[in-house]
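Coordinate inspection notes
Take a look at the letters that make up each chain.
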Amino acid sequence: MRSFWQEMRGGFAALRPEHFPYARFIAALILGFIGGAIFNALTLPLPWMLGPMTFCTIAAILRAPIAAPTVVRPPMSAVIGVMLGAAFTPAILTNLLDWVPTIIGLAFFVAVSGSACVLYFRKIGRMDMTTAYFAGMPGGLVEMVVVGEQRGGDGRTIALVHSARILLVVMTLPFLVELVEGVSLGGRADMGPSVTEAPLTAELWIIGCGLAGAVFGHLLRLPAKYLLGPMLVSAFVHAAGITDFKPPAEIVQGAQIVLGVTIGCRFLGTPPQVILRILALSFGSTMILLVMTLGFAVIVSRFSAFEVLPLMLAYSPGGLAEMSLVAIAVHTEVAFVAAHHIIRILFVMLSAGPTFALLYPKRGGKGGGKGVGKGVGKGGIPRMRDG
């Protein structure tokens, strides 16, 4: 617990005016709100997340004076986590056996899609084997950077490729869902009651589940602890029938704006030519992943109790929070989607390193392999643990 409170104190210290770029952060939020409002007016998918994400990514490429330090992400992740946990109703527990075929399919999807992306980055991206391998894994951004560098890969390139993967999957999958399933993700999704309609106890539950979840996630050393911890605590109180509260819509939408802003600002500090090259290269790998996502969803739907749409969202290698928000927008099983993303991330985290060591036992050493992000400073390495 001592390390947790030290981390909390460090977070509050990072908010001091001498450390936190308030002017640039406010500028980013204003830009994000404008992007969300425009996307909402155009009835585009997930407007309050994709709008800020798109506008801030463009601003980062243009080197606009914006910023979104990583310290602002944990509270917003906790809100999203509490909201996702609210989808774990008591009825979910009776359907867990139905997930067995889909989890088996997920394991095959991770292996096949990861192999295809590694080959793509090796042959098309001309990366060294170590960098291509850890850049091609469909999940675990921070873990892949750390292990990849330990094995001699280019950590900056690995980080940028994974950031681009999350960005591009999140930006393209909603449109693919609309195209394939004929459903609309525009406008206001069912995010819960208005803040004026929700009882005061809803806000108290959010704070309680968020704080308890953060402690719980830290003690268990969960990946994306500020998202998964609150989600698990919220899931417990909902599945146990203790409460049925839902976070107010305005709070959730505010969290989406901040989430979109932080994703868009992830490329700040990276030379524009490197960003554009990474995005262009990652566009090809994203198309590979989306085609495989759709293919596996169609195949597994024939051997399971689930239709193509929830399987597409469950298998898509975007961020856990982002894909779960899409699931909410299309009124599909959020618990199913969120659980499969957690399993995907665990699959990658637990298997990528040992598999690489087994296949290439002689590779290792200091980082700095041949990548496409050379010359990128520390600011170019994004930090996120729910990809």
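Criteria and thresholds
- As a convention, each chain's residues are numbered from 1 in the sequence order in which they are written.
- The predicted nature of this model means local features are confined to residues of pLDDT at least 70 and side-chain atom pairs, given and counted, to a pLDDT of 80 or more, with totals for whole chains, interfaces and linings taken over all residues.
- Excluded from the side-chain calculations are hydrogens and water; all other atoms, namely the structure's heavy atoms, are used.
- Excluding any residue in a salt bridge, patches collect residues exceeding 30% relative accessible area, merging like charges within 9 Å and nonpolar Val, Leu, Ile, Met, Phe, Trp and Tyr side chains within 5 Å.
- Only the protein chains shown count as cover for residues, and the accessible areas themselves come from Shrake-Rupley with a 1.4 Å probe.
- Any Lys or Arg side-chain nitrogen found within 4 Å of a carboxyl oxygen on Asp or Glu counts as a salt bridge.
- Where helices and strands are cited, they refer to DSSP runs of H or I of at least four residues and of E of at least two residues respectively, numbered from the N terminus.
- The axes are straight lines fitted to the C-alpha atoms, using for helices just the contacting stretch, and the angles between their N-to-C directions are given from 0 to 180°.
- Here the angle decides the label: under 35 degrees means roughly parallel, over 145 means roughly antiparallel, 65 to 115 means roughly perpendicular, and every other value means oblique.
- For any helix crossing, the convention is left-handed if the near helix is rotated counterclockwise from the far helix by under a right angle, and right-handed if that rotation is clockwise.
- Pairs of residues are marked as contacts when any of their non-hydrogen atoms sit within 4.5 Å.
- Three categories are distinguished: nonpolar for Ala, Val, Leu, Ile, Met, Phe, Trp, Tyr, Cys and Pro, charged for Asp, Glu, Lys and Arg, and polar for the others, with Gly belonging to the last.
- Working rule for helices: expected span equals 1.5 Å times residues minus one.
- Under the scheme applied here, a residue whose accessible area is under 20% of the maximum for its type counts as buried, over 50% as exposed, and between as partly exposed, the area being computed with a 1.4 Å probe on protein chains only.
- Side-chain atoms within 4.5 Å link the members of a nonpolar core, which is a set of buried Ala, Val, Leu, Ile, Met, Phe, Trp, Tyr and Cys residues.
- By convention, a stacked pair of Phe, Tyr or Trp rings (six-membered ring in the case of Trp) has centres within 6.5 Å and planes under 30 degrees apart, an edge-to-face pair has planes over 60 apart, and any other such pair is tilted.
- On a scale of 0 to 100, pLDDT captures the predictor's confidence in every residue.
- Of the grid points, spaced at 1 Å and generated over the protein atoms alone, those admitting a 1.4 Å probe that cannot get out make up cavities, while open sets with protein on both sides within 12 Å along at least five of seven lines make up pockets; any residue with an atom within 4 Å of a point is treated as lining.
- Grid points are joined across faces, edges and corners, and a volume is the space filled by probe spheres set on the points.

Here the focus is a nonpolar patch on the surface. Together, Phe-12, Leu-15, Tyr-22, Ile-26, Ile-30, Ile-34, Ile-38 and Leu-42 make up an exposed nonpolar region whose accessible area comes to about 750 Å². At five residues, the largest contribution of residues to the nonpolar patch is made by helix H2 (residues 22–41). Structurally, Ile-26 is set in helix H2.

Glancing now at the packing of helix H4 (residues 73–85) against helix H14 (residues 320–329). Contact geometry for H4 and H14: axes closest at 11 Å, N-to-C directions at 40°. The angle between H4 and H14 places the two elements in the oblique class. The interaxial crossing formed by H4 with H14 has left-handed handedness. Taking contact as the criterion, the partners of Arg-73, Ile-80, Met-83 and Leu-84 in H4 are, on H14, Ala-321, Glu-322, Ser-324, Leu-325 and Ile-328. Of the residues that constitute the contact of H4 with H14, the class distribution is six nonpolar, one polar and two charged.

Before going further, it helps to examine H4. An ideal rise of 1.5 Å per residue puts 18 Å on 13 residues; H4 measures up with 18 Å between its terminal C-alpha atoms. The buried fraction of H4 is high, at ten of 13 residues. Where H4 is concerned, the buried positions are Arg-73, Ser-77, Ala-78, Val-79, Ile-80, Gly-81, Val-82, Met-83, Leu-84 and Gly-85.

Okay, the nonpolar core next. Of all hydrophobic cores here, the largest spans 104 residues; its most connected members are Ile-80, Phe-121 and Leu-313. Among the elements that line this core, the one with the most residues is helix H8 (residues 155–181), at eleven residues. Setting aside its immediate chain neighbours within four residues, Phe-121 contacts Arg-126, Met-127, Ala-132, Ala-135, Gly-136, Val-161, Leu-281 and Ser-285. Residues Val-82, Ile-206, Cys-209 and Phe-245 belong to the second largest nonpolar core, which totals six residues.

This model, assessed by the stated rule, comprises one salt bridge. Of the charged contacts in the structure, one is a salt bridge between Lys-225 and Glu-7, with a shortest N-O distance of 2.8 Å. Of this pair, Lys-225 sits in helix H10 (residues 225–239) while Glu-7 sits in helix H1 (residues 2–13), placing them 218 residues apart in sequence. Accessibility expressed as a relative area gives 16% for Lys-225, which makes it buried. For Glu-7, a relative accessible area of 31% corresponds to the partly exposed category.

Now for the packing of aromatic side chains. Scanning all chains against the criterion turns up 14 aromatic pairs. Here Tyr-133 and Phe-134 contribute two aromatic rings whose centre-to-centre distance is 4.9 Å and whose plane-to-plane angle is 75°, an arrangement assigned as edge-to-face. Assessed through its relative accessible area of 6%, Tyr-133 is described here as buried. Accessibility expressed as a relative area gives 0% for Phe-134, which makes it buried.

In this section: the confidence of the model for the protein. Low-confidence regions, as indicated by low pLDDT, have predicted coordinates that should not be scrutinised in detail. In this model, the protein carries a mean pLDDT of 84, and residues with pLDDT of at least 70 account for 90%. Low confidence marks residues 373–385, where pLDDT is under 50. Its contacts with residues over four positions away, or in another chain, come to 36 contacts.

The next thing to look at is empty space enclosed by the protein. Applying the stated criterion across every chain, the model contains two cavities of 30 Å³ or more. When its volume is computed, the second largest cavity comes out at roughly 40 Å³. Lining the second largest cavity are Cys-117, Phe-121, Ala-135, Gly-136, Met-137, Val-161, Arg-165, Ser-285 and Leu-289. Sorting the residues of the lining of the second largest cavity by element identifies helix H5 (100–123), helix H6 (129–136), H8 and helix H12 (272–301) as the ones contributing at least two each. In terms of residue class, the lining of the second largest cavity is built from six nonpolar, two polar and one charged.

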